[in-house]
Each structure stands twice: as C-alpha cells, then as structure tokens.
Amino acid sequence: MEKEYWRWPESRWTAPDIDWKSGDIISAGVDVGSVSSQAVVMVDGQLFCYSNIRTGSDSPESAQKAMDKALEETGSTLKDVHYTVGTGYGRVNVPFADRAITEIACHARGANFMYGPSIRTILDMGGQDCKAIHCDNKGKVTNFLMNDKCAAGTGRGMEVFADLLSIPIEEMGSLSFKVEEEPEPVSSTCVVFAKSEAVGLLRKGWPKEKVLAAYSSAMAHRVVELLERIGIEKEFAVTGGIAKNEGVVKRIEAELSIKALEPQHDTQIAGALGGALFAKALVEKQRGLR
Amino acid sequence: MRVSGIDCGAKFVKALILDDDKILAKGSAASGFDQKASAQEALGKALKEAGFSMEELEHITATGTGKEEAAFAQTTVTEVGANAKAMSALHPSVRTVIDVGAEEGRAIRIDDKGKVVDFAINEKCAAGAGTFTETMARALEIKVEEIGPLSLKSQKAVPMNAQCAVFAESEVVSLIHAKHSKEDIARAVHDAIADRIASLSRKIGLEKDVALVGGVARNVGFVDSLKRDLQLDLLIPEDPEYSCALGAAYVALEKAKGG
Amino acid sequence: MLANYGYKNGSGDYFITIDTDKCDGCGNCVPACPFGVLEVGEDENDPFREEPVAKVSEFHRKKIKYSCAPCKPMKKRKPLPCMNVCSPGAIAHSW
C-alpha cells in the first residue's frame, strides 16, 4: 500500500489532578467531524479528559470510539456521564447524546473556555469546512459564516497537497518555511485547479518546499478573505486541525497583522469542549439551578 | 483569403484555417507547460493539413484563456465574442450558446445579427466545468471517454450533494461503497454538472435555439443530462470544441478584409 | 446574531445573511421564496433561544448561487421577494 501522507496521529489526554468521583456534574461533548472526531469530558466545568481520533465511515461508531478513548484509563465510564451533547457534521449520529447542538455554537463556547472571555473572533479550519465566528464575552455567537461547500481553505485541501508533494501532514507547516524567499501564492482558489497549477510549478523545477509555501499562503489568503466578510476583532484564535499547521497560521497572522492566541490544549477539541459546557448548563437548567 | 483562428484553451489549443468561409484544416495540441509551443504545434498541424506555410496566412486571431501566448496572432477576441460569431454564422437561428470547456463554463445570448446580448461565466471553480467529469471518472476508475456512454445506461437517478469537485470525489467513493452501480453514479455526476450549467444558462434568460459547444459537448452523458434539465433539444455542431477557434477565424477574416 | 448562510468559491461570494436579532420568526419569507430556499425553525446556533428563526435550508446552503439565480437576472432585476416581505429587514444578500 502506498504511504498515506495525509494521515495524522490520534491522541488523548487526562487532567492529572481531578477526582471525578467527587464531581457533582459530569458533562460531555462529542464532536463528530467529517475527518476527525473528539470527545471531551468535564467535571463540574473543569476539563477532565479528551480524545481526538479519525472519523471512520460510520458516525455512531466513531462517536463511541472517541468517547471510549477519552475515558480510557480514567476509571470512569459513559454511565457516569450525566449529560452529553453531540456536535459537528455527524451530531445527529451520536447515539448516546442527550441533545445535538451546532458546531458554530459549540466552537464559540469552547473557544471562550480555551482562550478566555476576551476572545472575539474564532477561525475554525476543519477537515471539510472553514468557519469564521464572532462571539461575546460569554461565548455566545454574534456573527458567523461557514464555508463547507468548497474545499479551498479546508484541511482537505492541505491533504491533497500532502499527497501530491509526498510530505507527511504534520511536517507541512515547518517545511513551508524552508524557502529562501516567499514565493507568489498559487493563483487558483479551487483546489483542483491549484493542484494542476502546482504540478506545473514542480515541472518547472520548483522544489516542493517552495510549492508548499505558495499553497500555504494561498490558503491563508483565502481564509483571510472569508474572515474579512465578518471582520476581525481582537482577541483572535485559530482552532481545528489546520491550527496545528504553523505554515498557514503564521501566514494568516502576517496578512492580518494580528497574533493568534496560543492554545493550551489540542486545537481540535474546541467544538467538543463547547458541547460539554452546554451539557453542564443544560443539566443545571434541568435541576433548576439556572 | 486564407486566415486562421486559434483557441488557447486550458487543456488544448485548437487551430483552424479558413479560406474565405470554407474550413480548410484543423489542428490541436495539448496545452503544455509552455503554451507558446503548444499554440505553435496546433497551428503547425493545421498548416500541414492545409499544405501551406504561416506566411501565406493573411491574418491570425487568437482567443481562449491563453490567447496572449499565441505571439504570432495579430489580434485577439474573447471566447464570448468568438462563440457568438461562430454560432451565428453556422446556425443563424441560435439565440443561446452554452460553451463548456475544461476549466470554464459560459452561457451567451445573442440576437439575430449575432450580437452578444448577455453572458454569464462560471470560472475558477472546477465544479462547473469539464474538469469535474474528468476528476469523477478518475474516482470511478474509468477512462474519461467512458463516463458519458456509461451514464446513458443508468437505471435510476442517484442524488449527489457535494458541490465541490474535491468533495464530490469522496462522495463518489462512498456511493461506490454503498453499492450504487457505476452507471448510476456516472449519471449523478452528469446531472450535477448539468444542473449548474443549466442554472447559469437560465440566468441569462434561455432563448431558443440553444447550441452546445466546447469539448464537453462531446460527452453524451452530459448532453443527455443537460437536455433533460433544460427540457429542450440542443444543437451541437460538428467538432464542437472548435467553435471558439472558428469564431476567431471569422474575426480574422473580417480583419483581413479590412473590417 | 448575524447568521451568514452560503459560501465563497473561486467565482465569488454568495451569502444570505439573517439578522436573528431582527428576525421575529413570522415566516412570511418561506412562501415568498419561489424555490424553497428559506425555512423557519429552531435556532440551531443558539441552544437557549426559544423563538423560531428564519434560516436557509440545508439543501440550498451549498448551492444558493444557483438556487437564487432565477430571482437575479443580469438585467432588469426586480426587488427580491424574500427581502420584500420581511418587515423587520432581517434578510440580506451579498451578491
């Protein structure tokens, strides 16, 4: 079998100092995306554990796998969770979820927790979509747009280039800076046309790092254009899989002349985290606490 | 009077030689990395067929996305203008010209004198052009020439949701996994692109007769889907991919006559 | 909230923006649209909102450039029916 350069590693994390047994509300969020799925479990509003896995062909199964992986080694099971919110593209396919909430609402809420209440603009670059979200100091959405129609500016576009250039996806960010001079961005927005343009550049003798730099800046430019539709307010953060690609993030920062906040956790968990926060609020509502 | 029209398209360069309004020869070459050379090659082939040299041509007019690359051309014309010229000359009853090439789709409305009344172009997005079917053929693991005839054998319509060629590729793969026949998937592909081309055409106010030109007009599956979507018959000229080149040649003829 | 439905592709920006703070969920826009682009229902992006809100149907979100095309001829464009019937002025088109 050919090497699959686009494949990225799965991961999980547990907070070192939380005793879930003494927790009052155990809430969870599961984000089933088109490419990756995450599960986040919180104990009384504190981040307890999370996982990040690849979505398989079956959404309910992926949701279950993400949850199992998050809870692995924590001593707790799904039965201990009081309320689960499903989110993401496959949100209605989370069999154990009590409610489904859109990823737009969840991302804003999750980013508010991850980056603090000063966060106003979130750019979420997922596997098959790209979202620009504005929120208030409580993480409530005030303006958003989502592009899930076109592959340009999504992780999928980067995967196409990982395969074309035979570069493992995790190395694409750093390799894109191994150029003497920043080349002109690839001119086509459309991924299909950008790919044929790149083939032409390779034939012309461009090293693959240079082609990668040209595509990374085209991608950055593309999402900046999308962001400009709703405007950029400080503070600003990038979430989703592409947030891990410094080649794109640094170019976005350069184009916007704004620094993105540094993430403390996996940038892909924002949606599931927001789901877990909504789950907690919904339990409080049920119990008449809010 | 001998003239030539040359269409530097995204995938192929097409050259056509006219002696007054008689088509003498045609030639095409794949648009390579060096389009100047491709243009030279296409014209070279046409000249060889016609049996004379470039010096004997009174005028050369270029069109197509790479028209600036045809350095030997004296004048240029847009694809919209060239198509209008060609179709009004070939089929004077035509009021709408739909041109679907490898990377662009366009719809042009012309009056009884061949003057352009309105036009709309779908560019820079592979979903609305020939590249779409090509990419889908690859996902179906069949040759691009096969996808059209295959689609005609379809038994039922399968909806296709993706509007992007990249996403549609994965949708095709999941349709294969869901055990849909290749015939039905091929038709879904053509219905999807025909839907986009049809709405582009409706946008300019579709008026009969309607001609379909461009390389994609050779794809019988697409033609079938487009006819069904528009619910009318389409006039397809012989060698539809040469429509732009022919239009450019007519422009060259006018220039040569001092028009 | 400004909910922008639609997309941007190589050929341009195609968004319908619903100002959910202005929208009162009256639903007049739903039958006004000849192509069923709009619908009224729960606010998917605000889990705590109780009132219904207008939105672009899932089916049309990725193709509104094409869905809305008949109401947007190149020449002699009339006011858009959806915007015409929206008294709070909650609907806007980007193209």
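The paragraphs below set out a description of the structure included in this document. (Residues numbered from 1 in each chain as written. Chains lettered and ligands numbered in written order. Predicted model: local features only at pLDDT ≥ 70, side-chain atom pairs only at ≥ 80, totals over all residues. Heavy atoms only, no water.)

1. Description of the state of the cysteines
Residue and element names in this part refer to chain C.
Working step 1: In this structure the tally under the stated criterion is zero disulfides over all chains.
Working step 2: This cysteine, C26, is not joined by any disulfide, and C29 carries the nearest cysteine sulfur, 6.2 Å off.
Working step 3: Using a relative accessible area of 43% as the deciding quantity, one classes C26 as partly exposed. (Disulfide = S-S within 2.5 Å. Buried < 20%, exposed > 50% of the residue type's maximum accessible area, 1.4 Å probe, protein only.)

2. Quick notes on the sheet that holds strand 7 (residues 105–110) of chain B
Residue and element names in this part refer to chain B.
Working step 1: Taken in spatial order, the five strands make up an open sheet running 8-7-6-9-10, and their pairing is mixed. Of all the strands in the sheet, the pair left with one neighbour each is strand 8 (116–122) and strand 10 (234–235).
Working step 2: Against the sheet, helix 2 (residues 79–90) touches strand 6 (96–100), strand 7, strand 8 and strand 9 (210–213), its axis set at about 55 degrees to strand 7. (Pairing = 2+ DSSP bridges. Helix = DSSP H or I, 4+ residues; strand = E, 2+ residues; numbered from the N terminus. Contact = heavy atoms within 4.5 Å. Axes fitted to C-alpha atoms, helices over the stretch in contact; angles between N-to-C directions.)

3. Regarding the packing of helix 3 (residues 155–165) of chain A against helix 6 (residues 208–230) of chain A
A pair of packed helices is characterised by two quantities: the angle between their axes and the separation of those axes.
Residue and element names in this part refer to chain A.
Working step 1: For the pair helix 3 and helix 6, interaxial distance at closest approach is 11 Å and the crossing angle is 170 degrees. Relative to helix 6, the element helix 3 is oriented roughly antiparallel. Here G155, G157, M158, F161 and L165 of helix 3 come into contact with helix 6, specifically with K208, V211, L212, Y215, S216 and M219. (Parallel < 35°, antiparallel > 145°, perpendicular 65-115°, else oblique.)

4. Points about the interface of chain C and chain A
Working step 1: Listed per partner, the contact involves 21 residues of chain C and 27 residues of chain A.
Working step 2: Summed over both partners, the interface of chain C with chain A buries about 2100 Å², with 55% contributed by carbon and sulfur atoms.
Working step 3: Of all residues in chain C, the largest losses of buried area upon contact with chain A belong to K8, P47 and F48 of chain C, amounting jointly to 30% of the total for that side.
Working step 4: A salt bridge links R229 of chain A to D13 of chain C, with the shortest nitrogen-to-oxygen separation between them at 3.0 Å.
Working step 5: In this assembly, chain C and chain A are joined by 10 residue pairs in polar contact (both at pLDDT 80 or more).
Working step 6: If you list the elements that add at least two residues to the side of chain C that touches chain A, you get strand 1 (2–9) and strand 2 (12–19) of chain C.
Working step 7: Split by residue class, the side of chain C that touches chain A holds eight nonpolar, six polar and seven charged.
Working step 8: Two elements, strand 9 (residues 141–147) of chain A and strand 1 of chain C, share three bridges in a ladder whose sense is parallel. (Buried area = accessible area lost by both parts, 1.4 Å probe. Salt bridge = Lys/Arg side-chain N within 4 Å of Asp/Glu carboxyl O. Polar contact = N/O pair within 3.5 Å; in protein donor to acceptor, adjacent residues only side chain to side chain. Nonpolar A, V, L, I, M, F, W, Y, C, P; charged D, E, K, R; others polar.)

5. Quick notes on the pairing of strand 5 (residues 83–87) of chain A
Residue and element names in this part refer to chain A.
Working step 1: Summarising burial for strand 5: five of the five residues are buried, a large majority.
Working step 2: Of the two faces of strand 5, the one holding Y83, V85 and T87 and the one holding T84 and G86 are both buried throughout.
Working step 3: Alignment of strand 2 (residues 26–32) against strand 5, held across five bridges, turns out to be parallel. Residue pairing for strand 5: D31 is matched across the bridge by T87.
Working step 4: Summarising the sheet, strand 5 and strand 6 (residues 99–100) pair through two bridges and their orientation is parallel.

6. Thoughts on the pattern of salt bridges
Working step 1: Using the criterion set out here, one finds 40 salt bridges over all chains in the structure.
Working step 2: A salt bridge links D7 of chain B to K14 of chain B; the shortest N-O distance between them is 3.7 Å. The same class applies to D7 of chain B and to K14 of chain B, which are both buried.
Working step 3: D239 of chain B is the partner of R218 of chain B in a salt bridge, and the nearest nitrogen-oxygen pair spans 2.8 Å. You can see R218 of chain B sitting in the loop between strand 9 and helix 7 (220–230) and its partner D239 of chain B sitting in the loop between strand 10 and helix 8 (243–256), a full 21 residues away along the chain.
Working step 4: By relative accessible area, which is 22% here, D239 of chain B ends up partly exposed.
Working step 5: Counted as one network, the salt bridges with shared partners bring together E225 and R229 of chain A together with K8 and D13 of chain C.

7. Points about helix 7 of chain B
Residue and element names in this part refer to chain B.
Working step 1: Within helix 7, burial applies to G221, F222, V223, S225, L226 and L230.
Working step 2: Buried residues along helix 7 sit in contact with strand 6, helix 4 (144–152), helix 6 (182–203), strand 9 and strand 10.
Working step 3: Where helix 7 ends, the next residue or the one after it, Q231, has phi of about 55 degrees, a positive value.

8. Description of the environment of G139 of chain A
Residue and element names in this part refer to chain A.
Working step 1: With respect to the helices and strands, the residue G139 is situated in the loop between strand 8 (130–135) and strand 9.
Working step 2: Separated by 58 residues in the primary sequence, G139 and V81 place their C-alpha atoms 23 Å from one another.
Working step 3: If we ignore the near neighbours within four places in the chain, the residues touching G139 are A108, R109 and N112.

9. Regarding the packing of helix 3 (residues 130–139) of chain B against helix 5 (residues 165–177) of chain B
Residues and elements named next belong to chain B.
Working step 1: In contact at an axis separation of 9 Å, helix 3 and helix 5 are set at 35 degrees when each is read in the N-to-C sense. Two packed elements cross with a definite hand, and for helix 3 against helix 5 that hand is right-handed. Contacts between helix 3 and helix 5 pair F132, T135, M136 and A139 from the former with A165, A168, E169, V172 and I176 from the latter. (Left-handed = near helix turned anticlockwise from the far one by under 90°.)

10. Some thoughts on the interface of chain B and chain C
Working step 1: Listed as interface residues are 14 residues of chain B and, on the opposing side, 12 residues of chain C.
Working step 2: Between chain B and chain C, a total of about 1100 Å² is buried, with carbon and sulfur atoms accounting for 53% of that surface.
Working step 3: For the chain B face of the interface with chain C, the top three residues by lost area are Q163, S199 and K203 of chain B, together amounting to 42%.
Working step 4: Linking chain B with chain C are two residue pairs in polar contact (both at pLDDT 80 or more).
Working step 5: Those elements giving two or more residues to the side of chain B that touches chain C turn out to be strand 8 and helix 6 of chain B.
Working step 6: With five residues, the single largest contributor to the side of chain B that touches chain C is strand 8 of chain B.

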